[in-house]
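Fold and geometry: a report
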Amino acid sequence: MNASFPIRKECPPGACICERDHLLADPQGDRRILLLTKEEEKRLVARLEALASLEDLMAMQARMHAQLGIVLHIEPSANEVRTVRGIAIELAEQRGLCRKTREAIPAAIRRCFERTPGIVYALLDSRDLLGGA
């Protein structure tokens, strides 16, 4: 990886399952995720918490994939969604993605959903779960 860019520091041994060392050793590995330093992660989490619309969420989802290789899945339950907890927010398995980051991103999106319920309604409506037609 180009040394001109700071990369995420190593997690304490046994504290994480990110396999950072294996990723660095693999010449074909996608190392973009290592550009997400702790400071950049804080900025990302703050940006996710401040989303104002479903379009912003989709744009951030595409941007995270393009810049970091993070694949984010947001799916409402097929049955009934009574609270924000009824929406599954998951990150695809990715070598180099820290355990804390795996937890922080969905938590930030949930906080955004609780603060801005219009995003949840738009998400449900886009999946036709509100019954609008």
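Residues numbered from 1 in each chain as written. Predicted model: local features only at pLDDT ≥ 70, side-chain atom pairs only at ≥ 80, totals over all residues. Heavy atoms only, no water.

Quick notes on the packing of helix α2 (residues 38-49) against helix α4 (residues 99-115)
- Look at α2 against α4: their axes get within 7 Å of each other, and the N-to-C directions meet at 25°. Classified by the angle their axes make, α2 and α4 are roughly parallel. Of the two elements, α2 crosses α4, and the hand of that crossing is right-handed. Side by side, α2 and α4 meet where E41, L44, V45, L48 and E49 of the first sit next to K100, T101, A104, I105, A108, I109, R111, C112 and R115 of the second.
- Taken together, the residues that form the contact of α2 with α4 break down as eight nonpolar, one polar and five charged. (Axes fitted to C-alpha atoms, helices over the stretch in contact; angles between N-to-C directions. Helix = DSSP H or I, 4+ residues; strand = E, 2+ residues; numbered from the N terminus. Parallel < 35°, antiparallel > 145°, perpendicular 65-115°, else oblique. Left-handed = near helix turned anticlockwise from the far one by under 90°. Contact = heavy atoms within 4.5 Å. Nonpolar A, V, L, I, M, F, W, Y, C, P; charged D, E, K, R; others polar.)

Digging into helix α5 (residues 117-126)
- Of all the residues in α5, the buried ones are I119, V120, L123 and L124. Down the axis of α5, the buried set is contained in an arc of 130°. They therefore lie on one face.
- Of the surrounding secondary structure, the elements contacted by the buried residues of α5 are α3 (54-68), β1 (72-76), β2 (87-91) and α4.
- Just downstream of α5, D128 is the residue with a positive phi angle, here 60°. (Buried < 20%, exposed > 50% of the residue type's maximum accessible area, 1.4 Å probe, protein only. Arc of directions from axis to C-beta.)

Here's the deal with the nonpolar core
- Within the largest apolar cluster, 31 residues are counted, with the highest numbers of intra-cluster contacts made by L48, I70, I74, I109 and F113.
- At six residues, α4 tops the list of elements feeding residues into this core.
- In this structure L48 touches M60, M64, I105, A108, I109 and C112, once residues within four positions along its chain are discounted. (Core = buried A, V, L, I, M, F, W, Y, C linked by side-chain atoms within 4.5 Å.)

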